[in-house]
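So the chains spell out like this:
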Amino acid sequence: MLELRLVQGSLLKKVLEAIKDLVNDANFDCSATGFSLQAMDSSHVALVALLLRSEGFEHYRCDRNISMGINLNNMSKMLRCAGNDDIITIKADDGSDTVTFMFESPTQDKISDFEMKLMDIDSEHLGIPEAEYHAIVRMPSAEFARICKDLASIGDTVVISVTKEGVKFSTRGDIGTANIVLRQNTTVDKPEEATIIEMNEPVSLTFALRYMNSFTKATSLSNTVTISLSSELPVVVEYKIAEMGYIRFYLAPKIEEDEDETKPQV
Amino acid sequence: MLELRLVQGSLLKKVLEAIKDLVNDANFDCSATGFSLQAMDSSHVALVALLLRSEGFEHYRCDRNISMGINLNNMSKMLRCAGNDDIITIKADDGSDTVTFMFESPTQDKISDFEMKLMDIDSEHLGIPEAEYHAIVRMPSAEFARICKDLASIGDTVVISVTKEGVKFSTRGDIGTANIVLRQNTTVDKPEEATIIEMNEPVSLTFALRYMNSFTKATSLSNTVTISLSSELPVVVEYKIAEMGYIRFYLAPKIEEDEDETKPQV
Amino acid sequence: MLELRLVQGSLLKKVLEAIKDLVNDANFDCSATGFSLQAMDSSHVALVALLLRSEGFEHYRCDRNISMGINLNNMSKMLRCAGNDDIITIKADDGSDTVTFMFESPTQDKISDFEMKLMDIDSEHLGIPEAEYHAIVRMPSAEFARICKDLASIGDTVVISVTKEGVKFSTRGDIGTANIVLRQNTTVDKPEEATIIEMNEPVSLTFALRYMNSFTKATSLSNTVTISLSSELPVVVEYKIAEMGYIRFYLAPKIEEDEDETKPQV
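All values reported here derive from a predicted model rather than from experimental measurement.

Quick notes on the rules
Residues numbered from 1 in each chain as written. Chains lettered and ligands numbered in written order. Predicted model: local features only at pLDDT ≥ 70, side-chain atom pairs only at ≥ 80, totals over all residues. Heavy atoms only, no water. Contact = heavy atoms within 4.5 Å. Buried area = accessible area lost by both parts, 1.4 Å probe. Salt bridge = Lys/Arg side-chain N within 4 Å of Asp/Glu carboxyl O. Polar contact = N/O pair within 3.5 Å; in protein donor to acceptor, adjacent residues only side chain to side chain. Helix = DSSP H or I, 4+ residues; strand = E, 2+ residues; numbered from the N terminus. Nonpolar A, V, L, I, M, F, W, Y, C, P; charged D, E, K, R; others polar. Pairing = 2+ DSSP bridges. Domains from an automatic or database assignment. Axes fitted to C-alpha atoms, helices over the stretch in contact; angles between N-to-C directions. Left-handed = near helix turned anticlockwise from the far one by under 90°. Least-squares fit on C-alpha atoms with pLDDT ≥ 70 in both. UniProt positions renumbered as here; feature names shortened; annotations may be inferred.

A separate point is the interface of chain C and chain A. When the parts come together, some accessible area is lost, and that loss is often what is quoted as the size of the interface. On the chain A side, the residues contacting the 17 residues of chain C number 16 residues. Of the roughly 1,400 Å² buried between chain C and chain A, counting both surfaces, carbon and sulfur atoms make up 46%. At the surface where chain C touches chain A, the tally comes to 1 salt bridge. Across the pair C:Lys110 and A:Glu143 runs a salt bridge whose closest N-O atoms are separated by 2.7 Å. Joining chain C to chain A, the criterion identifies 10 residue pairs in polar contact (both at pLDDT 80 or more). Where the side of chain C that touches chain A is concerned, the elements lending two or more residues are α2 (72–79) and β9 (110–117) of chain C. With 8 residues, the top contributor of residues to the side of chain C that touches chain A is β9(C). Classifying every residue of the side of chain C that touches chain A by side-chain character gives 6 nonpolar, 4 polar and 7 charged. Judged from the 7 bridges that link them, strand β13 (residues 176–183) of chain A and β9(C) form a sheet pairing that is antiparallel. The residue bridging A:Leu182 from the neighbouring strand is C:Lys110, located in β9(C).

Below you can see the structure in the form of structure tokens.
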């Protein structure tokens, strides 16, 4: 039997909003460690990894490891029916082919239960080793979302270049070119407004803006985002989920033989 | 001659927004009692009844009973041109085929008059007798609107079941099932937040969510909604209009021979 | 070389939003006097004239008069990437076929530069002589925008009639007629809420609402709008840009042989 009670139910609502456009169907894996998901996007280009650790739940009962195949769009429809202050409980009986989401209003005057069918989904779980990155940028998540949105009005790809002084986001399109430079800045009033660069060596990599803009749907989960870059690895765009875990997006850089061919590649 | 001056003109704006999508053309009936309307929706399934009592108007002159045939969408277009704080006066000369809406801004610096053609509309006025209901639920109107909207994302019909403990709203659809239970709750800080159930006998009835969601367009008229249920009568969904009258929606329950056929009936 | 630094960059963003739907391509003219534009709308009915005086810029360097042909929609896309508090600098090298817009955030932590190609645009510069008008109306710009929007829901043209007592805006359409009268009003708490009429002789002129509604996209640039009317001249709808200049829209009145033919003329 599975019974996971999450007091801050809005977190689960936000998680679904963050990934439902990227991934159609996926397995949620429940174990003693926590509630997790790993899935490729529908075009098999980007990877999402979610972890909500068991300690973050008010009540966490998972008698045996189970994998629940879920259509994320349908799950999102159900979670949208939960109030932002509601407590959400996820329940599944052993061997059952359904999962139930229960929503309790803070005053306990309104109790909803939504039941949905589970699906059989083939999936392979990729081991993602911890890796060394050439550069790690931590910056306000809203600023990153703004930059990706702005650049997408000009071009289709973004070149992210990191030096000790700052990080540069560049694009080019039919109407012209754009460069946005953020300087390293650690002396801010609020720590979440800092832009912090850890760099082992300079790096400059190109990514499809379409995916970056999809990842930024997780912006409401965290005030900051961490972007880990290496020329030999997919970029990791990570949003921490307060005291519970994270949502991480992985995307391989585009290989550019000639800079002028940037645009048609997308 | 007809001249009705309504200081809180926004009420009339809200009334039109509440009914214009349900009813295309209707007769507004003016008498010494008040300004009223009774009309079937365009598919002849639901009935709307509106009453604005003469005492609620600052000035109410109606020399003889008249019936004004009006296209509600056009009337709504004109009322949208009134400011929310404007005083609205409805004027019609005897025998005239037009009606004039005059809007006065609170400072009297802006005076608008909008004139529209009246129409001849055949209509039969149904006598609606006062009736005994099995159960009457009074609840916050915004909560009722939220429930109808949420359930419509899952299914097409709602089963409303009332017991002494509470009222349950249920639906089922392709993606699963949903049950929302509101408990009777009279000990709230603000009386309009109460959920109050008067019950003579338990009742469980099925309605098309499409109509319920249409009725909830009246939500801005009142903080509370009253739902009167009986297995032999159409449900009445009533929004009181402060110190003036009401808007009531009537809808016959769906007869279900087999629960599994709920969905295709809509 | 051209280098114009505008501390209140949001002004330039608003200017572009105000004119980009009316004019596709236009020449921005830079001289020692200021940064200006004069262009006909794409259907050659209305004229826009913009002036941002050099004194309004923090830094204004314009070595020689130049004319920069720009697609306004593309320029608007780039300016939308500037924050509302950003400082905007416009730069162009002598003989270059590109212009650069630089955006600096207030904290200087984010510096963006957007470069776009210039175009060759044929344009004739009309001399617009100062003229005497029969009547000049100054009124709150938001009220003018509201009136034009409201009337457009009823008809296609507006008759603006000015007398000493006030200004009347009228329209007629399939669903009826509308008249909105604003009284002269100079005794208001805030000067920008006044409606002030300077009249030499009464005037009544007809204009296409489509253009008027397009002009009101400049509403965010100024709290007030000035409408200058004469039976022999195009109307001038002017929005002052605080301490820098103005944006003026010119539109010829419609000649009405028969009032009943008002509608099909548009």
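We are not done yet, so read on.
Residues and elements named next belong to chain A. Partitioning chain A into structural domains gives domain 1 (2–117) and domain 2 (135–251). Between the C-alpha centres of domain 1 and domain 2 there is a distance of 28 Å. Contacts between the two partners involve 22 residues from domain 1, matched on the other side by 18 residues from domain 2. Regarding the contact of domain 1 and domain 2, the summed buried area is about 1,700 Å², with carbon and sulfur atoms giving 65% of it. The interface formed by domain 1 and domain 2 contains 1 salt bridge. With a shortest N-O distance of 3.0 Å, aspartate 21 and lysine 217 are connected by a salt bridge. Looking at the side of domain 1 that touches domain 2, the elements with two or more residues in it are α1 (10–19) and β4 (46–53). Counting residues per element, the side of domain 1 that touches domain 2 draws most heavily on β4, which supplies 8 residues.

Now for the packing of helix α1 (residues 10–19) of chain C against α2(C). Residue and element names in this part refer to chain C. In contact at an axis separation of 9 Å, α1 and α2 are set at 145 degrees when each is read in the N-to-C sense. Crossing geometry of α1 relative to α2 is assigned as left-handed. Here Leu12, Lys13, Leu16, Glu17 and Ile19 of α1 come into contact with α2, specifically with Leu72, Met75, Ser76 and Leu79. Looking at the contact of α1 with α2 residue by residue, the classes come out as 6 nonpolar, 1 polar and 2 charged.

The next thing to look at is the relation of the copies chain C and chain A. Rotating chain C by 120 degrees and translating it 0.0 Å along the rotation axis places it on chain A, where the RMSD comes to 0.0 Å. Expressed as a symmetry operation, the mapping of one chain copy onto the other fits a three-fold axis. The rotation axis passes nearest to the C-alpha of C:Ser220 in chain C, at a distance of 17 Å.

All names here are of chain A. The strand order β6-β2-β3-β4-β18-β17-β16-β10-β14 describes an open sheet built from 9 strands, whose pairing is antiparallel. The sheet is open, and its two borders are formed by β6 (66–71) and β14 (196–199), each paired with just one other strand. Going across the sheet, the axis of each strand differs from the next one's by a mean of 15 degrees, ignoring polarity. Bridge count for strand β2 (residues 25–30) against β6 is 6 bridges, and the pairing is antiparallel. Of the residues in β6, the one forming a bridge with aspartate 25 is asparagine 71. Strands β2, β3 (34–40), β4, β17 (235–241) and β18 (245–251) of the sheet are contacted by α1, whose axis makes an angle of about 5 degrees with β18. On top of the sheet, helix α2 (residues 72–79) reaches β2, β3 and β6; it is set at about 85 degrees to β6, its chief contact.

With that settled, the discussion passes to the UniProt feature "domain: Proliferating cell nuclear antigen PCNA C-terminal" (unreviewed entry) in chain A. Taken from the UniProt record, the annotation "domain: Proliferating cell nuclear antigen PCNA C-terminal" (unreviewed entry) applies to residues 127–254 of chain A. Structurally, residues 127–254 of chain A comprises 15% helix and 45% strand, and the distance from its first C-alpha atom to its last is 22 Å.

Quick look at the sheet that holds strand β2 (residues 25–30) of chain C now. Residues and elements named next belong to chain C. As summarised here, the arrangement of the 9 strands in space is β6-β2-β3-β4-β18-β17-β16-β10-β14, forming an open sheet in which the pairing is antiparallel. The sheet is open, and its two edges are formed by β6 (66–71) and β14 (196–199), each paired on a single side. The mean inter-strand angle of the sheet, taken between neighbouring strand axes irrespective of direction, is 15 degrees. Strand direction decides the pairing type here: strand β10 (residues 135–140) and strand β16 (residues 224–229), joined by 6 bridges, are antiparallel. Bridge pairing links valine 137 to isoleucine 227 in β16. Strands β2, β3 (34–40), β4 (46–53), β17 (235–241) and β18 (245–251) of the sheet are contacted by α1, whose axis makes an angle of about 5 degrees with β18.

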